[in-house]
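An overview of the molecular structure
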Amino acid sequence: MTNEEIKTKLSAAFPELTYEETQEWMQINVEPAQLIPVAELLRHDASLNFDYLFCLTCIDWKTHLTMVYHLSSTQHRHTIIVKSKLDRTNPLIHTVCHLWRTAELHEREVFDLFGVKFTNHPDLRRLLLTDDWNGFPLRKDYEDPVNMIKL
Amino acid sequence: MTEKKKQPDPFPGKVHPAPGGGILVSTIDDVINWARSNSLWPLVFGTSCCAIEMMSTASAKYDWSRFGFEVARATPRQADVIIIAGTIVNKMAPVLKRLYDQMAEPKYVIAMGACATSGGPFFYNTYSVVKGADHVIPVDVYVAGCPPRPEALLHALITLQKKVKEGGKREKITIDKFWEPHTKS
């Protein structure tokens, strides 16, 4: 499917979605509350069939956080990016584990390093940091006077 | 340009002339150091991209077996030298210390590349990286580079051999100290 066809398909079901096509892959901006219905359509619709979540990460923009999902279809060979803006003080979003099993580990990593809470995640534990760690190292305002040498 | 051709290191000792041949005179320490230096077994240890260069140094093209390093060991108890090939993070530091402690004396350490030497590209603004493996274990030879080329690692290994032959003092040295043209007679 081309970007235009994906857009038409999604807009029919979710008219409030916005799109950006300045990058290599088309970006779809979703409200956190709408992520699951949109993701379910992307995953289960036969003509979309995004069966491969090849990257899940988070960006700290200092004013807000953005969750980024890179999706691809091994059947139709099309790729899109889904982005969702989160509140920085209380970042909360529904997990996508039940749609893409890969997300289980990636969401644990984002939880550990950015402090995003994923509701309904089956096993939301720390992945990399020690149990007594304070703060979220990949946030831009993270300070560690012991280990970090500031430039 | 009539520089004298560099000779390979001779066997440590002197030939004492005697009727019908000669007697070789040496000290046990010199002979042991000579033997040790030519059969240093490295530990299979690599934490990032430097390990790729280390594997390349071990493989046929550069072939560190030419200098006596071919028997890479997967257990620290049989290894003589640990090449710290890669970034050491805070979580890895106790593991590295433990590996070093498990190695039998005499043991030697080579810090390969910028990360193992000083933290390198992760020196600033990083919460997780140890700024130099010498914060954890003593280092004998440092190699510059990110990652160093196989020639540089071979250079470091030969430098370590020279250090062992000269008595193996436990002091920190830079790689160029032992790379002077051999002036000894």
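Residues numbered from 1 in each chain as written. Chains lettered and ligands numbered in written order. Predicted model: local features only at pLDDT ≥ 70, side-chain atom pairs only at ≥ 80, totals over all residues. Heavy atoms only, no water.

Time to look at the interface of chain B and chain A. Each partner contributes to the interface: chain B provides eight residues, whereas chain A provides 13 residues. Carbon and sulfur atoms supply 61% of the area buried between chain B and chain A, which totals about 920 Å² over both sides. Here chain B is connected to chain A by four residue pairs in polar contact (both at pLDDT 80 or more). For the side of chain B that touches chain A, the class distribution of residues is three nonpolar, three polar and two charged. (Contact = heavy atoms within 4.5 Å. Buried area = accessible area lost by both parts, 1.4 Å probe. Polar contact = N/O pair within 3.5 Å; in protein donor to acceptor, adjacent residues only side chain to side chain. Nonpolar A, V, L, I, M, F, W, Y, C, P; charged D, E, K, R; others polar.)

What follows covers the packing of helix α1 (residues 28-37) of chain B against helix α5 (residues 150-165) of chain B. Residue and element names in this part refer to chain B. At their nearest, the axes of α1 and α5 sit 8 Å apart, and the two run at 165° to each other. Relative to α5, α1 is oriented roughly antiparallel. The two elements α1 and α5 meet at a crossing, and its hand is right-handed. For the pair α1 and α5, the contacting residues are Asn33, Trp34, Arg36 and Ser37 in the first and Gln161, Val164 and Lys165 in the second. Looking at the contact of α1 with α5 residue by residue, the class counts come to two nonpolar, three polar and two charged. (Axes fitted to C-alpha atoms, helices over the stretch in contact; angles between N-to-C directions. Helix = DSSP H or I, 4+ residues; strand = E, 2+ residues; numbered from the N terminus. Parallel < 35°, antiparallel > 145°, perpendicular 65-115°, else oblique. Left-handed = near helix turned anticlockwise from the far one by under 90°.)

Residue and element names in this part refer to chain A. Tracing the backbone shows Asn120 in the segment after β7 (117-119). As for Asn120 and Ile36, which are separated by 84 residues in sequence, their C-alpha atoms are 12 Å apart. Setting aside residues no more than four positions away along its own chain, Asn120 makes contact with His94 and Thr95. Reaching out from Asn120, the side chain makes a polar contact with the side chain of His94 at a distance of 3.4 Å.

Moving on to the confidence of the model for chain B. All names here are of chain B. When pLDDT is averaged along chain B, the result is 84; 85% of the residues meet or exceed 70. The secondary-structure element of chain B with the lowest mean pLDDT is α1, recorded at 85, while strand β4 (residues 81-85) shows the highest, at 94. Note on residues 171-179: pLDDT under 50 across the span, and 26 contacts to partners over four residues away in sequence or across chains. Per the prediction output, this complex has pTM 0.79; the corresponding ipTM is 0.75. (pLDDT = per-residue confidence, 0-100.)

Residues and elements named next belong to chain A. One can find Ser84 in strand β5 (residues 79-86). For Ser84, a relative accessible area of 0% puts it in the buried group. The residues contacting Ser84, other than those within four sequence positions of it, are Val30, Glu31, Pro32, Leu65, Thr66, Met67 and Ile93. For Ser84, the side chain forms a polar contact with the main-chain oxygen of Val30, separated by 3.0 Å. (Buried < 20%, exposed > 50% of the residue type's maximum accessible area, 1.4 Å probe, protein only.)

Residues and elements named next belong to chain A. For β5, a buried count of seven out of eight residues is recorded, marking the element as mostly surrounded by other parts of the structure. Here strand β2 (residues 26-30) pairs with β5 via five bridges, running parallel. When the bridges of β5 are listed, Gln27 appears paired with Ile81. In terms of strand pairing, strand β4 (residues 65-72) meets β5 through eight bridges, oriented antiparallel. (Pairing = 2+ DSSP bridges.)

This part is about the sheet that holds strand β1 (residues 18-20) of chain A. All names here are of chain A. Taken in spatial order, the five strands line up as β1-β2-β5-β4-β3 in an open sheet, and their pairing is mixed. Each having just a single partner strand, β1 and β3 (52-60) make up the two edges of the open sheet. Recorded for the sheet is a direction-independent mean angle of 25° between the axes of neighbouring strands. In this fold helix α1 (residues 3-13) packs onto β1, β2 and β5, with an angle of close to 15° to the strand it touches most, β2. Each of β3 and β4 is contacted by helix α3 (residues 103-114), which is oriented at about 10° to β3, the strand it contacts most.

What follows concerns the pattern of salt bridges. Residues and elements named next belong to chain A. The full count for this structure, using the stated rule, is 13 salt bridges over all chains. The partner of Asp123 in a salt bridge is Arg108, with the nearest N and O atoms 4.0 Å apart. Taken together, the residues Asp123 in the segment after β7 and Arg108 in helix α3 connect sequence positions 15 residues apart. For Glu143, the salt bridge goes to Lys150, with nearest N and O atoms at 3.7 Å. Taken as a pair, Glu143 and Lys150 share a single burial class, namely exposed. When salt bridges that share partners are traced, they join Glu4, Lys7 and Glu21 into one network. (Salt bridge = Lys/Arg side-chain N within 4 Å of Asp/Glu carboxyl O.)

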